[in-house]
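# Breakdown of the fold
Here are the chains, one letter per residue:
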Amino acid sequence: MKTVRSAPQPGKPRLTTSAMIASIAAEGQKTKPAPFGHALVELARSRPDVVGMTADLGKYTDLHIFAKEFPDRYYQMGMAEQLLFGAASGLAAEGFMPFATTYAVFASRRAYDFIHQTIAEEDRNVKIVCALPGLTTGYGPSHQAAEDLALFRAMPNMTVIDPCDAHEIEQLVPVIAAHQGPVYMRLLRGQVPVVLDEYDYKFELGKAKLIRDGKDVLIISSGIMTMRAIEAFQTLKNDRVDAAVLHVPTIKPLDAKTILREAGKSGRLVVVAENHTTIGGLGEAVAALLMRSGVHPPFRQIALPDEFLDAGALPTLHDRYGISTAEVARQIKQWL
């Protein structure tokens, strides 16, 4: 594992090890603490069937907030992810609704077969909520879940969600609870940016939403890359590039109707931006949809490379792998 060291810039301090686990929020950006934990507590007040489960990561998936409020409905399974999901399936079979949390790498790699066989195949009502998705930690390949969407998209019966910010997380918790069946949700934890509240945004399961329109380029994005796309809009605007942003929080099932409608508008470059490897995520899902439907706009992809990523400070890594705001804007201008 190669570590990327951050060179100091004029007026900026050298980034330290703490930047490997730093918040994805920009300096001065509005944030909310632990939106998932607080939203789950609110849900559980009216849903006695809701239980919280984790594998020694309650504090690091914001489930400790639920544990404090409902200690008798909180299950700490220890460092045993396969046991966690097997037990969650069993509780679901008995009529409970488990929200099972861990890191995305542990669900997608260590416990995949247990989720596949005991939850997805049985169509159990388990909500799998996983922190550190994609490149949101600098601790290297052991903790970077760059391929989780590809794995869970391939699993029958599984709904897959990649939220943008705290505002969306708060909205989607009761929505996925109302959905019958297994859900895999990427989790942003700790101090989570608030972005979509300024756009009168409302999360709807299976629906993509046009955040802003533009005539030159359509950015189709999910998760933190929608935040990056919105931030890049102003930079692009300063260079007389008019960018539209289409947020796609539900990766599966994909909102084909909205994507085809927006991508089918002539004269625009279509760019898919995702915090995931180029293999098997939103980009390839959109590309396949366009190809099958006979819609052929100029198409580009902003995504993590098909390789094991470096360790280092997150701002440095986001620049290196092309998913920082500055890099998003730079690549789009280059393609145009």
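The written sequence of each chain sets the order in which its residues are numbered from 1. This being a predicted model, a pLDDT of at least 70 is required before a residue's local features are given, and a value of 80 or more before pairs of side-chain atoms are given or counted; all residues contribute to the totals for chains, interfaces and linings. Calculation of side-chain values draws on the structure's entire complement of heavy atoms; hydrogens and water are dropped beforehand.

### Some details on the overall build of the protein chain
A count of helical and extended segments in the protein chain gives 12 helices and 16 strands. Every radius of gyration here is taken over C-alpha atoms, with the globule rule written as 2.2 Å times N^0.38, N being the number of residues. In terms of overall size, the protein chain behaves like a compact globule, its C-alpha atoms giving a radius of gyration of 19 Å where 336 residues would be expected to give roughly 20 Å. For the protein chain, the C-alpha atoms occupy an extent of roughly 55 × 50 × 35 Å along the three principal directions. Two residues form a contact once any of their heavy atoms are found within 4.5 Å. The contacts of the protein chain with a sequence gap of at least 6 include a subset with a gap of at least 24, amounting to 79%. Surface exposure here means Shrake-Rupley accessible area, sampled with a 1.4 Å probe, where a residue is shielded only by the protein chains that are shown. Counting every atom, the protein chain has about 14,100 Å² of accessible surface; 52% of that belongs to carbon and sulfur. Computed over 36 positive and 37 negative side-chain charges, the separation of the two mean positions in the protein chain equals 4 Å. Put simply, DSSP marks the helices as runs of H or I at least four residues long and the strands as runs of E at least two long, and each gets a number from the N terminus on. Two residue types count as positive, namely Lys and Arg, and two as negative, namely Asp and Glu; His and chain ends fall outside the count. A single reference atom marks each charge: NZ on Lys, CZ on Arg, CG on Asp, CD on Glu.

### Side note on helix H7 (residues 166–178)
By this rule, a helix spans an expected 1.5 Å times one less than how many residues it contains. Taking 1.5 Å per residue, 13 residues should reach 18 Å; H7 reaches 19 Å between its end C-alpha atoms and fits that length. Leu-172 marks the point of greatest bend in H7, at about 30 degrees, and the proline Pro-174 comes within the next four residues. Burial classes: relative accessible area under 20% of the type maximum marks a residue as buried, over 50% as exposed, and values in between as partly exposed (1.4 Å probe, protein chains only). Listed in full, the buried residues belonging to H7 are Ala-166, His-167, Glu-168, Ile-169, Leu-172, Val-173, Ile-176 and Ala-177. Each residue is assigned a bend, namely the angle between axes fitted to the seven residues that terminate at it and the seven residues that start at it.

### Section: the sheet that holds strand E3 (residues 50–54)
Paired strands are those between which DSSP finds at least two bridges. Pairing is mixed across the open sheet formed by seven strands, whose spatial order is E4-E3-E5-E6-E8-E7-E13. The open sheet is flanked by strand E4 (74–76) and strand E13 (250–252), the only strands paired with a single partner. Averaged over all pairs of adjacent strands, the angle between their axes in this sheet comes to 20 degrees, without regard to strand direction. One ladder, built from two bridges, connects strand E7 (residues 159–161) with E13; its direction is antiparallel. Orientation is described by axes fitted as lines to C-alpha atoms, over the contacting stretch for helices, and by angles from 0 to 180 degrees between their N-to-C directions.

### Focus on the pairing of strand E14 (residues 269–277)
E14 sits mainly inside the fold: nine of its nine residues count as buried. Inspection of the sheet shows strand E11 (residues 217–221) paired to E14 by five bridges, in the parallel sense. Bridge pairing in E14 links Ile-220 to Val-272. Pairing of E14 with strand E15 (residues 299–304) involves five bridges; the strand directions are parallel. Directly across from Thr-277, in E15, lies its bridge partner Leu-304. For a crossover, the right-handed case is the one in which the path from the first strand over the helix to the second runs clockwise, viewed with the strands pointing away from the viewer. Handedness of the crossover is the feature at issue here: the chain leaves E14, passes through helix H10 (residues 282–293), returns alongside E15, and the resulting connection is right-handed.

### What about the nonpolar core?
Residues belong to a common nonpolar core when they are buried Ala, Val, Leu, Ile, Met, Phe, Trp, Tyr or Cys residues joined through side-chain atoms within 4.5 Å. Counting residues in hydrophobic clusters, the biggest one holds 110 residues, and the most contacted among them are Phe-36, Phe-99, Ile-128 and Ile-220. Among all residues touching Ile-128, those that are not within four sequence positions of it are Phe-85, Ala-100, Ala-107, Ile-115, Ile-119, Met-158, Val-183, Tyr-184 and Met-185.

### Quick look at the pattern of salt bridges
In what follows, salt bridge is the name for a side-chain nitrogen of Lys or Arg lying within 4 Å of a carboxyl oxygen of Asp or Glu. Across all of its chains, the model carries 21 salt bridges by this definition. Residues Asp-197 and Lys-30 are paired through a salt bridge, measuring 2.7 Å at the closest nitrogen-oxygen approach. Here Lys-30 lies in the loop between strand E1 (3–4) and strand E2 (31–33) and Asp-197 lies in the loop between strand E9 (191–193) and strand E10 (209–212), a separation of 167 residues in the sequence. Judged by its relative accessible area of 30%, Asp-197 is partly exposed. Overall, the relative accessible area of 43% leaves Lys-30 in the partly exposed class. A cluster of three or more residues bridged by salt bridges with shared partners is formed by Asp-213, Arg-261, Glu-262, Lys-265 and Arg-268.

### Examining the packing of aromatic side chains
Stacked, edge-to-face and tilted are the three classes for Phe, Tyr and Trp ring pairs, Trp counted by its six-membered ring, which pair at centre distances within 6.5 Å; planes under 30 degrees apart are stacked, over 60 edge-to-face, the rest tilted. Inspection of every chain in the model, using the stated rule, returns five aromatic pairs. With a centroid separation of 6.3 Å and an interplanar angle of 40 degrees, the aromatic rings of Phe-36 and Phe-99 are classed as tilted. Linking Phe-36 in helix H1 (residues 35–46) with Phe-99 in strand E5 (residues 97–103), this pair joins segments that are 63 residues apart in sequence. When sorted by exposure, Phe-36 lands in the same class as Phe-99, which is buried. Taken together, a centroid distance of 4.0 Å and an interplanar angle of 10 degrees make the contact between Phe-152 and Tyr-184 stacked. Here Tyr-184 lies in strand E8 (residues 183–187) and Phe-152 lies in helix H6 (residues 148–153), a separation of 32 residues in the sequence.

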